[in-house]
Amino acid sequence: MAGHGAKGRTGQSGIFYGWYIVAALLFMTFVSIGFRQSFGLFLPSWTEEFNVSVSYMSSVAFVGWMVNGVAQPVVGGLADRYGARVVACVSVAVLGVSTLAMAFSLNILMLAFFYATLASFSNAGAMFTPITPLIARWFVRRRGAALSIITAGGSGGAMLLVPFSAFLLELFNWRVALAVVAGIMLVLVLPLVLVVVRNQPGPMGLSPDGDSPGTEEGQQRQRLVDGPLAVSHWRQAYRSSPMWQLTLTYVVCGVTTAVIAVHFVSFANTEGISETTAALAFALLSFSNVASVLAVGFLISDRLQRKNTLAMVYAVRGIGFLALLVLPTPMGLWVFAVVAGSSWLATVPQTSALAAEIYGVRNSGSITGMLTMVHMCAGAVAVLAAGFTYDYFLSYDPVWLVCVLMLVGASVMAWRVREREVSARYMPMRLAEA
């Protein structure tokens, strides 16, 4: 019996405990991102009931995106200091309560306040930023796969929770739909994260990836955690080129995803395509993204250099936008959904894992937070710019052209990251060669 218990602690038999943590965090991102993507679903109900314009609610969404962006480095720093478990639990609790408050809002100002402030800020702590340092401590060999699974949960939220909310909206009303989502957060997500998630494997007698601490491989993985650019404070990361390369590519990611999230249905309408068809195309985009994120995570990301995977993802997304520009609209819409969808959130696990491997796990929450902040803020600005561009040109073609050019630049910039020289992932190889 004692021997069996020892095996369970070291992870040599059964399922490594880190995968239970991955499952819990997957469900958290499923609900938190599903909530964030449902804003447009409730827009018609809010404008009708509170007698406000679409532009007014768009301004609320813009403020919410900006608040979420600013919150990213804050929750990342808190995760580095207090642990991701505390940050995630508090964030889910605040997000659930603020969502419930939205459901019982008496007027539009009350609803806008809870969405744009508390809900948007806490949503940052229930997404990817605090997760990165935690997963980086639990996984080394399978870090890309673990982060990809959690990222797929976010896509699943957009694909499944939004239609579920639409069903509740049609069956009851928007207040009931939001109250049910809040209940899921408080009754299911919060207890699951609280019970399952642990910040580090060490206190449980485990090593990253389930390796036995007593083996040579386990000892080596514990020693080789930092690369030559590892920093003691996140600000130091900006003194080296990889941080700027990752930042600029993430700006492009934010611009291209936000523009589609807000303007996709509007674009379809201008081309004579119904909202139902556009919604189906967006659902296909989400499904394509789930499949690609898992495929990249399990088959590619932990085998190839992450910078090469990132370069490929940005190039594929560029091809998707090119389809909108050059193909007849009905065909281009579906081609875009499949091609661009396969790249949608695939940048998230690769960028966060690469940043952690270059600059060290200690400050990876703060660094990921800074990257996500520019991603969200760039997206917010792009949403407004795309609207003004359409009003001026009466066409989205200039927007798609800019996106194509930016994605080509992002692909080249990602490819030029000197990963083998600066990533801790390749330190064992370099020591072996020495």
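Residues numbered from 1 in each chain as written. Predicted model: local features only at pLDDT ≥ 70, side-chain atom pairs only at ≥ 80, totals over all residues. Heavy atoms only, no water.

## Details of the overall build of the protein chain
Here's step 1: In terms of regular secondary structure, the protein chain is built from 19 helices and zero strands.
Here's step 2: For 434 residues, the compact-globule estimate of 2.2 N^0.38 gives 22 Å, and the C-alpha radius of gyration of the protein chain, at 22 Å, lies within 12% of that figure.
Here's step 3: The principal-axis extents of the C-alpha atoms in the protein chain amount to approximately 65 × 45 × 35 Å.
Here's step 4: Across the 434 residues in the protein chain, those meeting the buried criterion constitute 55%.
Here's step 5: Taking as baseline every contact in the protein chain between residues at least 6 positions apart, the subset at least 24 positions apart corresponds to 84%.
Here's step 6: Within the structure as shown, the protein chain displays about 18100 Å² of accessible surface, and the carbon and sulfur contribution to it stands at 68%.
Here's step 7: Charged side chains in the protein chain number 25 positive and 18 negative. The centres of these two groups are separated by 12 Å. (Helix = DSSP H or I, 4+ residues; strand = E, 2+ residues; numbered from the N terminus. Rg over C-alpha atoms; globule rule 2.2 N^0.38 Å. Buried < 20%, exposed > 50% of the residue type's maximum accessible area, 1.4 Å probe, protein only. Contact = heavy atoms within 4.5 Å. Areas by Shrake-Rupley, 256 points an atom, 1.4 Å probe, with all protein chains shown as cover. Lys, Arg positive; Asp, Glu negative; His and termini not counted. Charge placed at Lys NZ, Arg CZ, Asp CG, Glu CD.)

## Quick word on the pattern of salt bridges
Here's step 1: Counted according to the given criterion, the structure contains four salt bridges.
Here's step 2: Two residues, Glu 49 and Arg 175, come together in a salt bridge whose shortest N-O distance is 2.9 Å. Taken as a pair, Glu 49 in helix H3 (residues 39-50) and Arg 175 in helix H9 (residues 174-196) lie far apart in primary sequence, 126 residues in all.
Here's step 3: Judged by relative accessible area, Glu 49 falls into the partly exposed class, the value being 42%. (Salt bridge = Lys/Arg side-chain N within 4 Å of Asp/Glu carboxyl O.)

## Considering the packing of aromatic side chains
Here's step 1: Scanning the model with the defined rule gives 22 aromatic pairs in all.
Here's step 2: Judged by centre distance (5.8 Å) and plane angle (50°), the rings of Phe 321 and Trp 400 are tilted. Taken together, the residues span a long stretch of sequence, with Phe 321 in helix H13 (residues 306-326) and Trp 400 in helix H17 (residues 397-415) at a distance of 79 residues.
Here's step 3: Judged by its relative accessible area of 0%, Phe 321 is buried.
Here's step 4: The interplanar angle of 80° and the centroid separation of 4.9 Å between the aromatic rings of Tyr 392 and Phe 393 together place this pair among those described as edge-to-face.
Here's step 5: Taking relative accessible area as the criterion, Tyr 392 reaches 66% and is therefore assigned exposed. (Phe/Tyr/Trp six-rings, centres within 6.5 Å; stacked < 30°, edge-to-face > 60°.)

## Describing helix H14 (residues 329-339)
Here's step 1: Among all positions in H14, only Thr 329, Gly 332, Leu 333, Phe 336 and Ala 337 are buried. Projected down its long axis, H14 carries its buried residues within an arc of 135°, all on one side. (Arc of directions from axis to C-beta.)

## Overview of unusual backbone geometry
Here's step 1: Of note in the backbone geometry, Asp 209 takes a positive phi value of approximately 70° without being a glycine.
Here's step 2: Counting through the fold element by element, Asp 209 comes out in the loop between H9 and helix H10 (216-223).
Here's step 3: What makes Asp 209 buried here is its relative accessible area of 11%.
Here's step 4: Its identity is not glycine, yet Leu 394 carries a phi of approximately 55°, on the positive side.
Here's step 5: For Leu 394, the location among the structural elements is in the loop between helix H16 (364-393) and H17.
Here's step 6: Residue classification places Leu 394 among the exposed residues on the basis of a relative accessible area of 65%.

## Let's talk about the state of the cysteines
Here's step 1: Evaluated as defined, the whole model comprises zero disulfides.
Here's step 2: With no disulfide of its own, Cys 403 lies 11 Å from the sulfur of Cys 253, the closest cysteine sulfur.
Here's step 3: Residue classification places Cys 403 among the buried positions, given a relative accessible area of 2%. (Disulfide = S-S within 2.5 Å.)

## Side note on the environment of Cys 377
Here's step 1: Mapped onto the elements, Cys 377 comes out in helix H16.
Here's step 2: Note: C-alpha distance between Cys 377 and Met 413 (36 residues apart in sequence) is 20 Å.
Here's step 3: When neighbours within four sequence positions are excluded, Cys 377 is seen to be in contact with Met 66 and Gly 69.

## A look at the confidence of the model for the protein chain
Here's step 1: Summary statistics for the protein chain give a mean pLDDT of 84 and a share of 90% for residues scoring 70 or more.
Here's step 2: Note on residues 1-12: pLDDT under 50 across the span, and 17 contacts to partners over four residues away in sequence or across chains.
Here's step 3: This stretch, residues 218-224, has a pLDDT under 50; its non-local contacts, to residues over four places away or in other chains, come to twelve contacts. (pLDDT = per-residue confidence, 0-100.)

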